[in-house]
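Structural overview for review
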Amino acid sequence: MTKTPPETPVVSISFFRMSTRASRAWAMWMMGQARLSLPRVPGIGFWKLCGSGKNEGFTPQLVPQVFAILCSWKDEETARNQIENASVFNRYRSAASEDWTVFLETTSARGIWSGTAPFAATGRAENGPLAALTRATVKPSRALKFWDQAPDVNRLIDDDPNVVFKIGIGEMPLLHQITFSIWPDTSKMAAFARRSGPHADAIRAVRDGNWFAEELYARFAILGDAGSWDGASPLDKLELTA
């Protein structure tokens, strides 16, 4: 049976860049320790700790310089307050050379994550900038085929002039994978999804081969952000693509 958490339409994703060997070692250690702290943060709902692939991409190369914390909340005020003040987030910020958090409202979601439907969708119209998240548990027997496709898809999205931000993260190397991207509007995101080539081939192979044991797709309206990434807010690029 799919478990449904309390109503949590607001989602935050916090990214932390660990630029030194010591900070990366600390972040790896926190993948275990933060599991004890996050459940005690007031108002938090669903949460996950993640690492990233090489160069922030969706690749099987494990060079974890970016770590992420995804959380769901009942409202934006709670999310912003806890991200700013909760000790576990302050510890990550102190260790990181740079951090950025984006605040989102779930507009649609289907599928499950760790046996749970984690996001409560509001049904808000997607008539502006949006974010998309895909998450999958890859069957071990299909992992090699999956990662044979993934680098080509990653290069394709890198070349798309409309993507504002994208990153590949994951809970467990090679098997539990997440893509997160921000787009100016639904039409530009849909244009990428419809393109022939590696992306379409990968989708077809996934469906035909039944590669995933579990999957989730969600879209979000963008509420705002805090911090910076590469010295600026990635949301500033939305004005350039408008």
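Along each chain, residues carry numbers from 1 onward, in the same order as the chain's sequence is written. A pLDDT threshold of at least 70 governs which residues receive local features in this predicted model, and a stricter bar of 80 or more applies before side-chain atom pairs are shown or counted, although totals over entire chains, interfaces and linings include all residues. Side-chain measures were taken over the full set of non-hydrogen atoms in the model, leaving aside hydrogen atoms and water.

**Some thoughts on the packing of helix α2 (residues 76–85) against helix α3 (residues 87–95)**
Formally: For helices, the axis comes from a line fit to the C-alpha atoms of the stretch in contact; other axes are also lines fit to C-alpha atoms, and the angle between any two N-to-C directions lies between 0 and 180 degrees. Segments assigned H or I by DSSP are reported as helices when at least four residues long, segments assigned E as strands when at least two residues long, and all are numbered from the N terminus. Relative orientations are named as follows: roughly parallel for angles under 35 degrees, roughly antiparallel for angles over 145 degrees, roughly perpendicular for angles from 65 to 115 degrees, and oblique for any other angle. Note on definitions: a residue-residue contact is assigned when non-hydrogen atoms from the two residues lie within 4.5 Å.
The N-to-C vectors of α2 and α3 enclose an angle of 55°; their axes lie 5 Å apart at closest approach. Compared by their axis directions, α2 and α3 come out oblique. Across the interface between the two elements, Gln82, Ile83, Glu84 and Asn85 from α2 touch Ser87, Phe89, Asn90 and Arg93 from α3.

**Here we look at the environment of Arg24**
Defined as follows: Only protein chains enter the calculation, and the probe is 1.4 Å; a residue is then buried if its accessible area is under 20% of its type maximum, exposed if over 50%, and partly exposed in between. Polar contact is defined as a pair of N or O atoms within 3.5 Å, subject to the rule that within protein one atom must be able to donate a hydrogen and the other to accept it, and that residues adjacent in sequence are counted only when both atoms are side-chain atoms.
The topology assignment puts Arg24 in helix α1 (residues 21–37). Classification of Arg24 as partly exposed rests on a relative accessible area of 23%. Put simply, Arg24 and Ala95 are 71 residues apart on the chain and 8.8 Å apart in space, counted from C-alpha to C-alpha. If sequence neighbours within four positions are ignored, Arg24 has contacts with Met18, Ser19, Pro64, Gln65 and Phe67. There is a polar contact of 3.2 Å between the side chain of Arg24 and the backbone oxygen of Met18.

**As for the packing of aromatic side chains**
Put simply, the test is: Aromatic contacts are taken between Phe, Tyr and Trp rings whose centres are within 6.5 Å, Trp giving its six-membered ring; a plane angle under 30 degrees counts as stacked, one over 60 as edge-to-face, and the others as tilted. Distance and angle both matter: a charge sits over a ring if NZ of Lys or CZ of Arg is within 6 Å of the ring centre and within 35 degrees of the ring normal.
Counting across every chain of the model gives 12 aromatic pairs. Seen from their ring centres, Trp113 and Phe119 are 6.4 Å apart, and the 85° between their planes marks the pair as edge-to-face. For Trp113, a relative accessible area of 0% translates into the label buried. When the ring centre of Trp229 is taken as origin, the NZ or CZ atom of Arg17, which lies over that ring, is 4.1 Å away.

**Here's the deal with α3**
At 3.6 residues per turn, the α-helix brings residues three or four places apart onto the same side. What counts, and what does not: In this description, the arc belongs to the directions extending from the helix axis to the C-beta atoms.
Of all the positions in α3, only Val88, Phe89 and Tyr92 are classed as buried. The arc that holds the buried residues of α3, viewed along the axis, is 100°, so those residues lie on one side. Along α3, exposed side chains directed more than 90 degrees from the buried face belong to Ser87 and Ser94. Where α3 is buried, its residues contact β1 (10–17), α1, β2 (44–52), β3 (66–73) and α2.

**Details of the nonpolar core**
In plain terms, the rule: In this description, a nonpolar core means a group of buried Ala, Val, Leu, Ile, Met, Phe, Trp, Tyr and Cys residues linked to one another through side-chain atoms lying within 4.5 Å.
Residues Ile13, Phe15, Leu104, Phe119, Leu133, Phe180 and Ile182 are the most contacted members of the largest nonpolar core, which totals 29 residues. Those elements that place two or more of their residues in this core are β1, β2, β3, β4 (98–111), β5 (130–138), β6 (165–172), β7 (176–183) and β8 (212–227). Looking at this core element by element, the count peaks at 4 residues for β8. In contact with Phe119, other than residues within four places in its own chain, are Thr8, Val11, Phe46, Leu70, Ser72, Thr106, Ala109, Trp113, Leu216, Ala218 and Phe220.

**Points about the side chain of Thr78**
Here Thr78 shows up in helix α2. The class for Thr78 is buried, based on a relative accessible area of 15%. Side chain to side chain, Thr78 and Asp75 meet in a polar contact 2.7 Å long. Sequence-distant contacts of Thr78, that is, excluding residues within four places in its chain, are made with Pro42, Gly43 and Trp73.

**Brief notes about the confidence of the model for the chain**
Heads up, the rule is: pLDDT measures how confident the predictor is about each residue, on a scale from 0 to 100.
Here the chain shows a mean pLDDT of 81. Residues at 70 or above account for 71%. The least confident element of the chain is helix α6 (residues 198–209), whose mean pLDDT is 49; the most confident is α3, at 98. The low-confidence segment residues 196–200 (pLDDT under 50) makes 9 contacts with residues lying over four places distant or belonging to another chain.

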